[in-house]
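Spelled out from the first residue to the last, the chains are:
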Amino acid sequence: MNYGKDNHLNEDQFLLATVDKTELPAEAREHLSECPQCREQIENMERELTLLSRMAEDFAPQQRKRAFRYVKPRNAGNWIWSLRTASGAAVMVVLAVTLVWWSPLSKTTPEVVTGVTFQESDQLMADIDTLVDNALPPIHVYISGESGPELDEEFMEFVVPIINNTTPTYNSGLKGAVLC
Amino acid sequence: MPQKNHEDNPPPTRSATLSRQTVILTEEAVAGSETAFNSLVDLFQEDIFRMAYYRTLSRMDAEDITQNVFIKAFKNISRLQSPERFKSWLFSIALNQVRDFYRKKRLLTMLGLSGKGDDHEQDYEEENAPDPLDNLMKQDFWKHVELFLDKLSRMEREIFTLRFMNHLGIREISNILKKNESTVKTHLYRALGKFRKESTMRQFLTEEKTL
Ligand SMILES: [Zn+2]
């Protein structure tokens, strides 16, 4: 096609130029470089798209909850943690001593019982740690989606299969559509 | 001179000036640096939050999705083989999370356990109560966006949103959706054709600009 001075880009070429100018045929590109009218049309389109994205950013709410950050487990260097641990240990020692003191066994073999008690308190602490780490019963962990991601995805795939196995779509609040 | 603009074809807004920094941080994060990972979270959480918000129009849902995206990214970052593709990789995770979100929502609806009626209205009220006029304008904007996006096919919608609302380049979109670049361009071309016909939406955009 011959792109003369008045042979402006057609609708398809405007769209192509907005997607990627390198997709235009050489003649059209040449015309574009020389024609302020065609350039202005494309620039207007680009301006509208920029407005769309800027308004979307401006009109989206601010994130209130910051995203996940990896935090190293607190160690002994942290004084609050040390204080907590020390208090816990002190309570356990007092409990252990009390138990030992009142236990009939303590009258005869106090050293052994003390050892057993400490072992038991260690066990108790270990049990408490396990409970804290796994606060929910396995079935609840599974339901809450905190179990392995692979299992969760498989489960969801089985129960609610993807319709076209393509990408998710925009949610239409007006129609209540989820995927279409 | 606009000539330069014709040669390269950058995303419409916000050029990716942080890409080098991202690659360095990603390399460190892949090697096990939690600090580097946290810096990546700081760099990308707003992008991911917006990406999720544009697809859910609910701040709380978008926050939950954002949270899940970074948890998943943290668990899997050691397996990322191309640090230069971190952003695409992160957006792929985000798309999967959005997809999961809708599947779970559908499941709850199927089971009759879905709670809220019109989440969007509630969110608007919650977010913007102090200024009713501003609130109304935002509602109007999102309704225009929804009406327009509803006219696009699934793929057109996804590609248009990634390109013109999330500022991703064609190559990045191609990586995220695992489609070749010419397919991405074809869908974008069709979506833009529909955008051009969307006179109400375009008028709204240009009118708001003048306010
Ligand atoms: Zn022309």
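Residues numbered from 1 in each chain as written. Chains lettered and ligands numbered in written order. Predicted model: local features only at pLDDT ≥ 70, side-chain atom pairs only at ≥ 80, totals over all residues. Heavy atoms only, no water.

**Considering the pattern of salt bridges**
All names here are of chain B.
Consideration 1: If you walk through the whole model with that rule in mind, you get 15 salt bridges over all chains.
Consideration 2: The salt bridge partner of D47 is R50, with a shortest N-O separation of 4.0 Å. Residue D47 and its partner R50 are located together in helix 3 (residues 34–56), separated by 3 residues, close to a single helical turn.
Consideration 3: A relative accessible area of 17% means that R50 is categorised as buried.
Consideration 4: The salt bridge involving R171 is made with E181; its shortest N-O contact spans 3.2 Å. Residue R171 is found in helix 9 (residues 170–177), and its partner E181 is found in helix 10 (residues 181–197); the two are separated by 10 residues along the sequence. (Salt bridge = Lys/Arg side-chain N within 4 Å of Asp/Glu carboxyl O. Helix = DSSP H or I, 4+ residues; strand = E, 2+ residues; numbered from the N terminus. Buried < 20%, exposed > 50% of the residue type's maximum accessible area, 1.4 Å probe, protein only.)

**Notes on the coordination of the zinc ion**
Residues and elements named next belong to chain A.
Consideration 1: Only H8 (ND1), H31 (NE2), C35 (SG) and C38 (SG) from the protein reach the zinc ion as donors, at distances of 2.1 to 2.2 Å.
Consideration 2: Taken together, the 4 donor atoms coordinating the zinc ion and their angles of 101 to 119° define a geometry best described as tetrahedral.
Consideration 3: Counting the intervening residues between successive donors of the zinc ion yields the motif H-x22-H-x3-C-x2-C. With respect to class, H31 is no different from C35; both count as buried. (Donors = N, O, S within 2.8 Å, 3.2 Å for Na, K, Ca; no water. Tetrahedral: all angles 85-135°; square planar, octahedral: opposite > 155°, others 65-115°.)

**Digging into the nonpolar core**
Consideration 1: Counting residues in each nonpolar core, the largest one holds 67 residues, and the members touching the most others are A:L52, B:F70, B:F141, B:W142, B:F160 and B:F195.
Consideration 2: No other element matches helix 3 of chain B, which puts 11 residues into this core.
Consideration 3: Counting 9 residues, the second largest nonpolar core, distinct from the first, contains A:L9, A:A17, A:C35 and A:I42. (Core = buried A, V, L, I, M, F, W, Y, C linked by side-chain atoms within 4.5 Å.)

**A short note on the packing of helix 8 (residues 154–164) of chain B against helix 9 of chain B**
All names here are of chain B.
Consideration 1: Where helix 8 contacts helix 9, the axes come no closer than 10 Å and their chain directions differ by 135°. In terms of their interaxial angle, helix 8 and helix 9 are classed as oblique. For helix 8 against helix 9, the interelement crossing comes out right-handed. Across the interface between the two elements, M155, E158, I159, L162 and R163 of helix 8 pack against I170, I173 and L177 of helix 9. (Axes fitted to C-alpha atoms, helices over the stretch in contact; angles between N-to-C directions. Parallel < 35°, antiparallel > 145°, perpendicular 65-115°, else oblique. Left-handed = near helix turned anticlockwise from the far one by under 90°. Contact = heavy atoms within 4.5 Å.)

**Describing the confidence of the model for chain A**
Residues and elements named next belong to chain A.
Consideration 1: Mean pLDDT over chain A works out to 66, with 43% of the residues at or above the 70 mark.
Consideration 2: Within the model, the stretch residues 141–151 combines pLDDT values under 50 with 10 contacts to residues more than four positions away or in other chains.
Consideration 3: In this model residues 164–180 is a low-confidence stretch, pLDDT under 50, and it forms 52 contacts with partners more than four residues away in sequence or in other chains. (pLDDT = per-residue confidence, 0-100.)

**Concerning the packing of aromatic side chains**
Consideration 1: The final tally for this structure, using the stated rule, is 14 aromatic pairs over all chains.
Consideration 2: Geometrically, the ring pair formed by B:F44 and B:F86 is tilted, given 5.5 Å between the ring centres and 55° between the ring planes. One end of the pair, B:F44, is in helix 3; the other, B:F86, is in helix 5 (residues 86–110), and 42 residues separate them in sequence. Here the two residues B:F44 and B:F86 agree in accessibility, since each one is buried.
Consideration 3: The interplanar angle of 55° and the centroid separation of 5.2 Å between the aromatic rings of B:F160 and B:F164 together place this pair among those described as tilted. Linking B:F160 with B:F164, this pair stays in helix 8, spanning 4 residues, or about one helical turn.
Consideration 4: According to the relative accessible area criterion, B:F160 is buried, its value standing at 0%.
Consideration 5: Within the aromatic cluster, the residues linked to one another by ring pairs are A:F59, B:F49, B:Y53, B:Y54, B:F141, B:W142 and B:F204. (Phe/Tyr/Trp six-rings, centres within 6.5 Å; stacked < 30°, edge-to-face > 60°.)

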